[in-house]
Amino acid sequence: MRRIILFHIILTTLSGLLLAQNRNIPVEPSERWLNEQHQPEKLMDAIGLKEGMTIADIGAGRGRLSVWFADRVGETGMVYANDIDSRALDYLEERCRKNNIMNIKAFMGKVDDPKLPEGKADIAIIVSAYHHFDKPADILRNTIPCLKKDGILVVVERDPLKTGQTSRESTSREKMIRETKEAGLELIKINSELLERDNIYFFRSIK
């Protein structure tokens, strides 16, 4: 049984790497484990990301998923990569230059505000960053204006019930729902099946 599980993990990882190479997505060695956990292609399918869309990647860091989003939305789409770490965004911009990625724009935010253009994003997404927020309700509230009228906010966050561990690297459903409601967001649905360790929460503005 262990051999079957190990084989599945290896096969999934190799498939992801081959896909990234065929699509010219610049995946770095340090990102492979997290990409295996988050399954970028399946995740993008689940959130409905399509060519021509604009997506805001909140807490993008060095762009691990931003580069996948950029490939999916294509030349007619745009990725707003936000973070409060200027070094990470500098790295991302250099990464884009090296790989001729023209549809990612970096935005330096604050701990309570992503500082993004208003009314431009079809989707705003937070992947494995929510538990790092010092002021989660504030940053969520200030993310809402970047969305189009029918835009959605997606949070991908580790579920402590799935891992059997309570730590700073995860957020309970109860806490997530409470804080997002405080920020002015309404829960649309939760996808708890796609990812082994994480839940995918879908929200829209209450207003």
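Because the structure is a prediction, the values reported are computed rather than measured. (Residues numbered from 1 in each chain as written. Predicted model: local features only at pLDDT ≥ 70, side-chain atom pairs only at ≥ 80, totals over all residues. Heavy atoms only, no water.)

Caption draft 1: Spatial organisation of helix H8 (residues 173-182). By the burial criterion, the buried members of H8 are Met 176, Glu 179 and Thr 180. Seen along its axis, H8 keeps its buried residues to an arc of 100°; they face one direction. Those residues of H8 that are exposed and angled more than 90 degrees off the buried face are Glu 174, Arg 178, Lys 181 and Glu 182. Along its buried surface, H8 packs onto helix H6 (136-143), strand S5 (147-158), strand S6 (185-191) and strand S7 (198-205). A positive backbone phi angle near 100° is found at Gly 184, which sits one or two residues after H8. (Buried < 20%, exposed > 50% of the residue type's maximum accessible area, 1.4 Å probe, protein only. Helix = DSSP H or I, 4+ residues; strand = E, 2+ residues; numbered from the N terminus. Arc of directions from axis to C-beta. Contact = heavy atoms within 4.5 Å.)

Caption draft 2: Broad picture of helix H4 (residues 66-73). With seven of eight residues buried, H4 is to be regarded as a mostly interior element. Looking only at H4, the buried set comprises Ser 66, Val 67, Trp 68, Phe 69, Ala 70, Arg 72 and Val 73. In the segment just after H4, Gly 74 is the residue with positive phi, at about 75°.

Caption draft 3: A look at the pairing of S6. Taken together, the six bridges between S6 and S7 define a ladder with antiparallel strand orientation. Paired with Lys 189 across the strands is Phe 202, a residue of S7. (Pairing = 2+ DSSP bridges.)

Caption draft 4: Representation of the side chain of Asp 159 within the structure. Considering the arrangement of structural elements, one finds Asp 159 in the loop between S5 and helix H7 (160-163). In this structure Asp 159 comes out as buried when scored by relative accessible area, which is 4%. If we skip the residues at most four places from it in the chain, Asp 159 touches Ser 170, Thr 171, Arg 173, Arg 197, Asp 198 and Asn 199.

Caption draft 5: Focus on the packing of aromatic side chains. One pass over the full model with this rule turns up three aromatic pairs. When the centroid spacing of 6.2 Å and the interplanar angle of 15° are considered together, the rings of Tyr 201 and Phe 203 count as stacked. Positioned over the ring face of Tyr 91 is Arg 62, at 4.0 Å from the centre of the ring. (Phe/Tyr/Trp six-rings, centres within 6.5 Å; stacked < 30°, edge-to-face > 60°. Lys NZ or Arg CZ within 6 Å of the ring centre and 35° of its normal.)

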